[in-house]
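# Structure at a glance
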Amino acid sequence: MNMSEELQVFRGDRPVEEVEKAPKVPSKPTAAKPPLTPKNELPAGEPIGEFADAAAPPPAPLTNLMPEIEPGPMKVETEPEPPYNFDIDPDSLWAMPEAMQERLSNLTVTVAVTHQLLDDQERDSARIAKALRALSG
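Overview of the structure. Remember, predicted model here, so these are calculated numbers, not experimental data. (Residues numbered from 1 in each chain as written. Predicted model: local features only at pLDDT ≥ 70, side-chain atom pairs only at ≥ 80, totals over all residues. Heavy atoms only, no water.)

### Some thoughts on the overall build of the protein chain
Rules: Segments assigned H or I by DSSP are reported as helices when at least four residues long, segments assigned E as strands when at least two residues long, and all are numbered from the N terminus. Note that accessible areas follow from Shrake-Rupley with a 1.4 Å probe, and for residues the cover is restricted to the protein chains shown.
Along the backbone of the protein chain there are 5 helices and 0 strands. When its helices and strands are written in sequence order, the protein chain yields α-α-α-α-α. Total accessible area on the protein chain stands at roughly 14800 Å², and carbon and sulfur atoms take up 61% of it.

### Thoughts on the packing of aromatic side chains
Keep this limit in mind: Here is the rule: rings of Phe, Tyr and Trp (six-membered ring for Trp) pair when centre to centre is within 6.5 Å. Planes less than 30 degrees apart are stacked, more than 60 are edge-to-face, and the remainder are tilted. Note on classification: 1.4 Å probe, protein chains only; a residue is buried when its accessible area is under 20% of the maximum for its type, exposed when over 50%, partly exposed between these limits.
What the rule picks out here adds up to 1 aromatic pair. Ring geometry for Tyr-84 versus Phe-86: centroids 6.1 Å apart, planes at 35 degrees, classification tilted. Given a relative accessible area of 64%, Tyr-84 falls into the exposed group.

### Side note on a nonpolar patch on the surface
What counts here: Only residues whose relative accessible area exceeds 30% and that form no salt bridge are eligible for patches; like-charged ones are grouped when within 9 Å, while nonpolar side chains (Val, Leu, Ile, Met, Phe, Trp, Tyr) are grouped when within 5 Å. Any carboxyl oxygen of Asp or Glu that lies within 4 Å of a side-chain nitrogen of Lys or Arg is treated as forming a salt bridge with it.
Nonpolar side chains collect at one region of the surface, where Met-96, Met-100, Leu-104 and Leu-107 lie side by side and expose about 350 Å² of accessible area between them. Here Met-100 shows up in helix α5 (residues 98–136).

Rendered as structure tokens:
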């Protein structure tokens, strides 16, 4: 397969022209890095799990960090809450605002009209199906 130059650049098979023509920048000399210590010669870490508490030194007391603050006089002036009234007026259970009653009556009329239309469509569909059977058979 012979690929075009654009496809080679897109796929990464060939470097972009700018990279090919970029001037070589001399790298800065770096200081010699200290040699790495192998893992097995590293100092032991802190204990973990169930042994962590046994080896840990006791925590320093925190009492000296904050100055002690003496509480001032507390004045709480709240009014007692009014008693709750859970009694429900039976007449208010079924009371409905005028706007809601009008909306419900409009929805009832819409439902009746929709049922009538569906019944008419069902009759028309049955009549058309009967006429098609008569034509084909």
